[in-house]
Amino acid sequence: MTNEELIGFLREKVHLFDGFAPAVVEEIAGLSELRTFEGNEAIIECGEEGRFIGVLVSGHAQISVADNTGGRVVLSQLQDGDVFGEMSVLTGDRTVADVIAGNRCFVLLIPQEVVSTRILVNPKAIVYLSKLLADRARAQAVDLSSAQLHARAVAQSDDPYALSLKTTVPGKILALNVGLSQIHFGIYDTQDESRDVHGIIDCADCGTAHITMTAGGQSSRRDRAAFPFSDFFKVLFESMQTLEDRFLFTPFDVVAVGHRVVHGGSKFSSSAVITPQVIADIEALAVFAPLHNPHNLEGIRAAMKFFPDVPHVAVFDTAFHQTLPTYAYLYGLPYDWYKKEGIRRYGFHGTSHRFVSMKAAEMVKRPLSELEIISCHLGAGASICAIDHGRSVDTTMGMTPSDGLIMPSRAGSIDPAVMIHLMEHYQLTPERLGQLINSESGLKGISGISSDIHEIEAAAEEGHHRALLAHKAFCYQVRKNIGAYVAAMGGVDVLAFTGDVGEASPLVRSLACQGLAYMGIKLDEEKNRNAGAGHAVISADDSPVTILVVANNDERLLAWEALRAIERNQITLAIKDEESAPIPIEVSAHHVHLSQADVETLFGPGHQLTPEHELSQPGQFACAEKVDLVGPKGKIANVRVLGPTRKETQVEIAMTEQFKLGVQTPIRESGDLANTPGITLQGPVGQAAIPRGVICAQRHIHMSPEDAMRFRLRDKYVVRVRVEGDRELIFGDVVVRVNPNYRLAMHIDTDEGNAANIRTGMIGYIEEIQSRR
């Protein structure tokens, strides 16, 4: 087929291009690839990342999924002129079905970047793709639920959470972790990970810098005279000369730089592209991390001077934990110390815990959104995190990294009166106390030997009493907090160990799991002993809880976070460049969604819900029926039932109503009911005791695919929304939910509406993209 014939075909037979000028169609074709696929060859495989939209130029194909019998469920037949692959490109989800050629096919593959820059700027194309997306979603719903399709995609994908650093732009991503006495760095190739380099410059010896470089599986070490940080990049490129030519690069090859920043306070809930304001905020937050933030800033300033023309990203240890509920992060101090001075639990190792949660979901081949995970980061610093369906809900570290577990050289949690006692009776200054609890305590302080777990275990093997005591105290605290987080989440699906100690010490893992079999945590001791470097499953075959070792790479995570932050920032800037589009706000009171079985239990056999008036979302309605909610403590009467019926009963209440009922409800998206409390419903005919289903709804925005394309957002993006009113304010942690059946609206509950004086009918605007669930 000649180029002229292809352009003519696209203009005449492909409705996607109905609103385009001939020159634009020609440009899009020139930026795309025309490929041939033979019969039964996969054009798209289930679980792949959406990289292109396809146009079938000739031949026929089918969209289908494998069933449990070895056959296939056909979701759609494709003929010449049909478009496919739009769902994953537009939603950002993995592909949920295969596209298989029925005979020899010619297919035009339009890259995602071309779709974004050339196609989604055309209103007619947006309408066409929105309708196509809606039709495909309805067709899939007939045969398989969206949850089933998503679970299949996760199970079949090699990289379901896009943890790869590959990009369409060739170059290097530089990751920097600048500390008090060490500089860790990583250099990551966006095309070929075999060219990645990792290095450590240890400056603890004031006269000598010890430089270790690892590339291609080989490590080398050299010493040189100590140097000021201003010479770091000169030393870096000087040290690179000792490596093979394939690892070398120039400053012009660097496309992004990611920086670890320990403390982001409550200001940053995600990584941020660095601006003068971000630098000022990091500087102000140094009061909470005086041993870390100033050094992090020194690295940022030097790198921005050396690489002035590339984006720099601050990756905050604290950001992942910004989803902690208030009751989990408050200290028992007068409330004003929190409100006025920011004294609260922040948590750390967030980048590591986030990575562990995604890698764990990938390893067990289940969606992250349905897992309860306990992540144990055990290294020079140690913390444990409870991750409920992808959200951090509790963690052991506090306002600073000194709190929580006993660590190699940090004391961990300690009675604050001990510090007062040391100051009053031994005249220890604040500076001396800081040195005591951060550098002289923990395993090192108890054992009197070392902060190194291997040296502690070697001494314990020889019967050293204090080494035995230190090791036992450390493992006891890990085990105790694992149990606490099982209780906090109401269960656990995955227990993961990471960090230098968590990955390297089978004995620590074994002792941390002992005695927890009644919680479903059953370790296979042989698998545990034989787990080498890398990721591993170490649970017994019959263990209800999967136990994992997850190999961490802090600098690689910095590079990954940097890429994601740059992507979010580009979308945010594009949104701000355009005229702000308003989002209607609706305040939702408590309500109940009933299953048909519970309808009949509460209102009588054969009873059907009675629609009273329509709601803003198509097909949803408020019913004449009402029920009473009865909890362990009290009762809420006359709660409205919403229709239509659902597969499982769900009760949505506000935070203030938890106390009245006597239940502890998690913040969840609608339909996410695992490990939620139950309640008793009373109707005019009978009562129904549901074993689970009571939630506080996550604030969210309903969008159609057309709305999402207009806002340049995807399903499960988490955004900040600015609300104008008597006093302007910003809501964070708002989940975007995209569905063909949705109408644009943001929903908050009555507590949030009352606290902010917001009423239904007010308007909000997208301010920023925080993250992608």
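Residues numbered from 1 in each chain as written. Predicted model: local features only at pLDDT ≥ 70, side-chain atom pairs only at ≥ 80, totals over all residues. Heavy atoms only, no water.

Quick one: what's the story with the overall build of the protein chain, residue by residue and with numbers?
Along its length, the protein chain carries 25 helices and 37 strands. Taking 2.2 N^0.38 as the reference for a compact globule, 773 residues should give roughly 28 Å; the C-alpha atoms of the protein chain span a radius of gyration of 28 Å, in line with that estimate. For the protein chain, the proportion of its 773 residues judged to be buried stands at 53%. In the protein chain, 67% of the contacts between residues at least 6 apart in sequence involve partners at least 24 apart. Accessible surface, the protein chain: about 34100 Å² in total, of which carbon and sulfur atoms supply 51%. For the protein chain, the distance from the average position of its 71 positive side-chain charges to the average position of its 96 negative side-chain charges is 3 Å. (Helix = DSSP H or I, 4+ residues; strand = E, 2+ residues; numbered from the N terminus. Rg over C-alpha atoms; globule rule 2.2 N^0.38 Å. Buried < 20%, exposed > 50% of the residue type's maximum accessible area, 1.4 Å probe, protein only. Contact = heavy atoms within 4.5 Å. Areas by Shrake-Rupley, 256 points an atom, 1.4 Å probe, with all protein chains shown as cover. Lys, Arg positive; Asp, Glu negative; His and termini not counted. Charge placed at Lys NZ, Arg CZ, Asp CG, Glu CD.)

Tell me about the pattern of salt bridges, and name the residues and values.
For the structure on display, the rule yields 37 salt bridges. Where glutamate 283 meets arginine 301, a salt bridge forms, and the shortest distance between an N and an O atom there is 3.3 Å. Note that glutamate 283 is positioned in helix α8 (residues 276–284) and arginine 301 in helix α9 (residues 293–306), a separation of 18 residues in sequence. Residue arginine 301 is classed as partly exposed on the basis of its relative accessible area, which comes to 40%. In this structure, aspartate 628 and lysine 635 form a salt bridge, with 3.5 Å as the shortest nitrogen-oxygen distance. Accessibility expressed as a relative area gives 42% for lysine 635, which makes it partly exposed. Where salt bridges share partners, they join Glu372, Asp388, Arg668 and Asp672 into one cluster. (Salt bridge = Lys/Arg side-chain N within 4 Å of Asp/Glu carboxyl O.)

Quick rundown of the sheet that holds strand β6 (residues 83–84)? Include the residues and the values.
Backbone-to-backbone hydrogen bonds pair the strands of a sheet. The strands run either parallel or antiparallel. Spatial ordering of the open sheet is given by β1-β8-β3-β6, a layout of four strands whose pairing is antiparallel. The open sheet has two edge strands with one neighbour each: β1 (33–37) and β6. Pairing of strand β3 (residues 52–58) with β6, which is carried by two bridges, proceeds in the antiparallel orientation. If you follow glycine 54 over to β6, its bridge partner there is phenylalanine 84. Seen against the sheet, helix α1 (residues 3–13) touches β3 and β8 (105–111) and runs at an angle of roughly 105 degrees to β3. (Pairing = 2+ DSSP bridges. Axes fitted to C-alpha atoms, helices over the stretch in contact; angles between N-to-C directions.)

Tell me about the packing of helix α17 (residues 465–489) against helix α19 (residues 506–513), residues and numbers included.
The N-to-C vectors of α17 and α19 enclose an angle of 50 degrees; their axes lie 8 Å apart at closest approach. One element, α17, and the other, α19, form an angle in the oblique class. When the axes of α17 and α19 are compared, the crossing they make is right-handed. On the side of α17, the interface is formed by His471, Phe474, Cys475, Val478, Arg479 and Ile482, while α19 contributes Leu507, Val508, Leu511 and Ala512. (Parallel < 35°, antiparallel > 145°, perpendicular 65-115°, else oblique. Left-handed = near helix turned anticlockwise from the far one by under 90°.)

Tell me about the pairing of strand β11 (residues 197–202), and please be specific about residues and values.
Here β11 shows a buried face lined by Val197, Gly199 and Ile201 and an unburied face lined by His198, Ile200 and Asp202. By the bridge criterion, six bridges tie strand β10 (residues 182–189) to β11 in an arrangement that is antiparallel. Residue pairing across strands places isoleucine 187 opposite valine 197, the latter belonging to β11. Alignment of β11 against strand β12 (residues 208–215), held across six bridges, turns out to be antiparallel. What sits directly across from valine 197, in β12, is alanine 215. Between β11 and β12, which pair antiparallel one after the other, the connecting turn spans five residues.

Describe in detail the sheet that holds β12, supporting the description with residues and values.
The strand order β13-β12-β11-β10-β9-β14-β16-β15 describes an open sheet built from eight strands, whose pairing is mixed. The open sheet has two edge strands with one neighbour each: β13 (218–225) and β15 (272–273). By the bridge criterion, two bridges tie β15 to strand β16 (residues 312–316) in an arrangement that is antiparallel. When the sheet's bridge partners are listed, alanine 272 is paired in β16 with alanine 314. Helix α7 (residues 232–240) rests against β9 (172–178), β10, β11, β12 and β13 of the sheet, and its axis sits at about 55 degrees to β10. On top of the sheet, α8 reaches β14 (254–261), β15 and β16; it is set at about 30 degrees to β16, its chief contact.

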